[in-house]
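Fold and geometry: a report
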Amino acid sequence: MNYTQEHRTYQHLVAVGDTHGRNKALAYHLMPEVPEGDAIAVLHVGDFGVGFKSFIGEYDDLHHLNLELTKNNIHLYVIRGNHDNPMYFNGDALETRNCKDFTNIEFIADHTLLSLNINGVIKFIYCYGGAISVDRVNREPTKSYWWNEIVTELTQEELDEIPSKLDIVLTHTRPLGVFPIGKDEIEGWLSRDRCLQHDLDVEALRINKVFDAINKKNECYTHYYGHFHTSNTEFIEGRKHQCLAVNEVIEIR
């Protein structure tokens, strides 16, 4: 398991839904009423939209976003969505292309435990990105679609690493039994992509194993996810599952 421990203290913890590349305004509309000087940690549920441009274009956008985030005392933690190039999350781009210049933007690898200090209280956040693009037949591989976009398959040893006492689970998609349940909205894509149903079944098997491992050790946590572009909150066996709509911003209390 990857571990990311942030040593700074934040006054606010925020979650934000899919932004699909429209990130330059993030620093302006995140918590506009917080007292001046307060530090904000932002959990992004994926589909940040990184990787659709050339590296130079992405670097320029991230550079300007980082300047605004730094000025507003905001630190952004981003997990991988299906509309994100996985290269930015596996360390390659960060290490070989000098993206570590971005002090206030962190791309979080799959299967990472993130610990944040929120007003003196440590919050433990399990991060597990990825999802399948149901519209992939309309996309160009390595340009607007990545073959390894699906959630990562974890070994039994990795599943056993998932700790207890989690406060938050952050994913892009969701396990079976969590909203949305039906597939009516993707029937058209299923008819055009003969492998889609199989791949969605594989994805469900993988993410269900992860949540089974989480649930065995954690009776209570809050799960934030995106992908489905709809705001929805439900409680299942005492655990809160909250789907964030596009650009939706909530403060976690």
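As shown above, the structure is provided for reference.
Just so it is clear, the structure is predicted and the values come from calculations on it, not from any experiment.

**Focus on the overall build of the chain**
The number of helices and strands found in the chain is 6 helices and 12 strands. For the chain, the C-alpha radius of gyration of 17 Å lies close to 18 Å, the compact-globule estimate for 253 residues. For the chain, the spread of C-alpha atoms along the principal axes amounts to about 50 × 45 × 35 Å. Long-range contacts, defined as pairs at least 24 residues apart, comprise 76% of the intrachain contacts of the chain with a sequence gap of at least 6. When the accessible area of the chain is evaluated, it comes to approximately 12,300 Å², of which 49% is carbon and sulfur surface. Counting 24 positive and 38 negative side-chain charges, the chain places the averaged centre of each group 1 Å from the other.

**Thoughts on the packing of aromatic side chains**
Applying the stated criterion across every chain, the model contains 9 aromatic pairs. Here the aromatic rings of Phe52 and Trp146 are separated by 5.2 Å at their centres, their planes lie at 85°, and the arrangement is edge-to-face. Of the two residues, Phe52 is situated in the loop between strand E3 (40–44) and helix H2 (55–71) and Trp146 in the loop between strand E7 (121–128) and helix H4 (156–161); the sequence distance between them amounts to 94 residues. In this structure Phe52 comes out as partly exposed when scored by relative accessible area, which is 37%. Aromatic side chains Phe55 and Tyr59 sit 5.7 Å apart centroid to centroid with 50° between the ring planes, which places their arrangement in the tilted category. With Phe55 and Tyr59 both in helix H2, this residue pair falls 4 residues apart, about one helical turn.

**Examining the layout of surface pockets**
Within this model, the largest pocket holds a volume of roughly 770 Å³. If you go around the largest pocket, you meet 32 residues; those closest to its centre are Val134, Pro180, Ile186, His227 and Phe228. The greatest single-element share of the lining of the largest pocket, amounting to 5 residues, is contributed by helix H6 (residues 196–217). When its residues are assigned to classes, the lining of the largest pocket shows 12 nonpolar, 10 polar and 10 charged.

**So, the pairing of strand E12 (residues 249–252)**
Consecutive side chains of a regular strand alternate in pointing toward one face of the sheet and then the other. The alternating pattern of E12 places Ile250 and Ile252 on a buried face, while none of Val249 and Glu251, on the opposite face, is buried. Strand direction decides the pairing type here: strand E2 (residues 12–16) and E12, joined by 4 bridges, are antiparallel. Residue pairing across strands places Leu13 opposite Ile252, the latter belonging to E12.

**Describing unusual backbone geometry**
Note that the residue after Phe179, namely Pro180, is joined by a cis bond; omega there is -5°. Locating Pro180 in the fold gives a position in the loop between strand E8 (168–171) and helix H5 (187–192).

**A word on H6**
If you check H6, its first and last C-alpha atoms are 32 Å apart, about what 22 residues at 1.5 Å a residue would give, namely 32 Å. Every buried residue of H6 is listed here: Leu196, Asp199, Leu200, Glu203, Ala204, Ile207, Val210, Phe211, Ala213 and Ile214.

**Some remarks on the sheet that holds E8**
Strand order in this open sheet of 7 strands is E1-E6-E7-E8-E9-E11-E10, and the pairing throughout is mixed. A strand with exactly one partner marks an edge of an open sheet, and here the two such strands are strand E1 (2–10) and strand E10 (232–236). Strand-to-strand, the axes of this sheet are offset by a mean angle of 20°, without reference to chain direction. Summarising the sheet, strand E9 (residues 222–225) and strand E11 (residues 239–243) pair through 4 bridges and their orientation is parallel. Bridge pairing in E11 places Tyr224 opposite Gln242.

**A short note on the sheet that holds E3**
With respect to topology, 5 strands assemble into an open sheet ordered E5-E4-E3-E2-E12, the strand pairing being mixed. For this open sheet the edge positions go to strand E5 (105–107) and E12, each flanked by a neighbour on one side alone. In this sheet, adjacent strand axes meet at a mean angle of 25° when their direction is disregarded.

**Quick look at the nonpolar core**
By size, the foremost hydrophobic cluster in this structure holds 22 residues, and its most contacted members are Tyr126, Tyr128, Ile162, Leu166, Val169, Val210 and Ile214. Sorting the residues of this core by element identifies E7 and H6 as the ones contributing at least two each. No other element matches the 7 residues that H6 contributes to this core. If we ignore the near neighbours within four places in the chain, the residues touching Ile162 are Met1, His111, Tyr126, Val210, Ala213, Ile214 and Lys217.

Scoring rules and cut-offs
- Every residue gets a number counted from 1 within its own chain, in the order that chain's sequence is written.
- Totals for whole chains, interfaces and linings use all residues, but because this is a predicted model, local features are given only for residues with pLDDT of at least 70 and pairs of side-chain atoms are given and counted only at 80 or more.
- Note: side-chain values were computed over all heavy atoms of the structure, leaving out hydrogens and water.
- Helix and strand labels come from DSSP, where a helix needs a run of H or I of at least four residues and a strand needs a run of E of at least two; each type is numbered from the N terminus.
- What the globule rule says is 2.2 Å times the number of residues to the power 0.38, and the radius of gyration is computed from C-alpha atoms.
- In what follows, residue pairs with any heavy atoms lying within 4.5 Å of each other are defined as contacts.
- The accessible surface values rely on the Shrake-Rupley method and a 1.4 Å probe; as for residues, cover is taken only from the protein chains in view.
- His is not counted, nor are the chain ends, whereas Lys and Arg count as positive and Asp and Glu as negative.
- Positions of charges follow a simple convention, taking NZ of Lys, CZ of Arg, CG of Asp or CD of Glu.
- Planes of paired rings set the category: under 30 degrees apart is stacked, over 60 is edge-to-face and the rest tilted, where pairs are Phe, Tyr or Trp rings (Trp by its six-membered ring) whose centres lie within 6.5 Å.
- Buried, partly exposed and exposed residues are distinguished by accessible area as a fraction of the type maximum, computed with a 1.4 Å probe on protein chains only: under 20%, between the cut-offs, and over 50%, respectively.
- Using a 1 Å grid laid over the protein atoms alone, points where a 1.4 Å probe fits but cannot get out form a cavity; open sets with protein on both sides within 12 Å along at least 5 of 7 lines form a pocket; any residue with an atom within 4 Å of a point counts as lining.
- Grid points are joined across faces, edges and corners, and a volume is the space filled by probe spheres set on the points.
- Residues are grouped as follows: Ala, Val, Leu, Ile, Met, Phe, Trp, Tyr, Cys and Pro are nonpolar; Asp, Glu, Lys and Arg are charged; all remaining types, including Gly, are polar.
- Only strands joined by at least two bridges in the DSSP assignment are considered to pair.
- Expected helix span is taken as 1.5 Å per residue step, with the number of steps being one fewer than the number of residues.
- Comment: axis = line fitted to C-alpha atoms, over the contacting stretch for helices; angle = value between 0 and 180 degrees taken between N-to-C directions.
- To define a nonpolar core, start from buried Ala, Val, Leu, Ile, Met, Phe, Trp, Tyr and Cys residues and group those joined through side-chain atoms within 4.5 Å.

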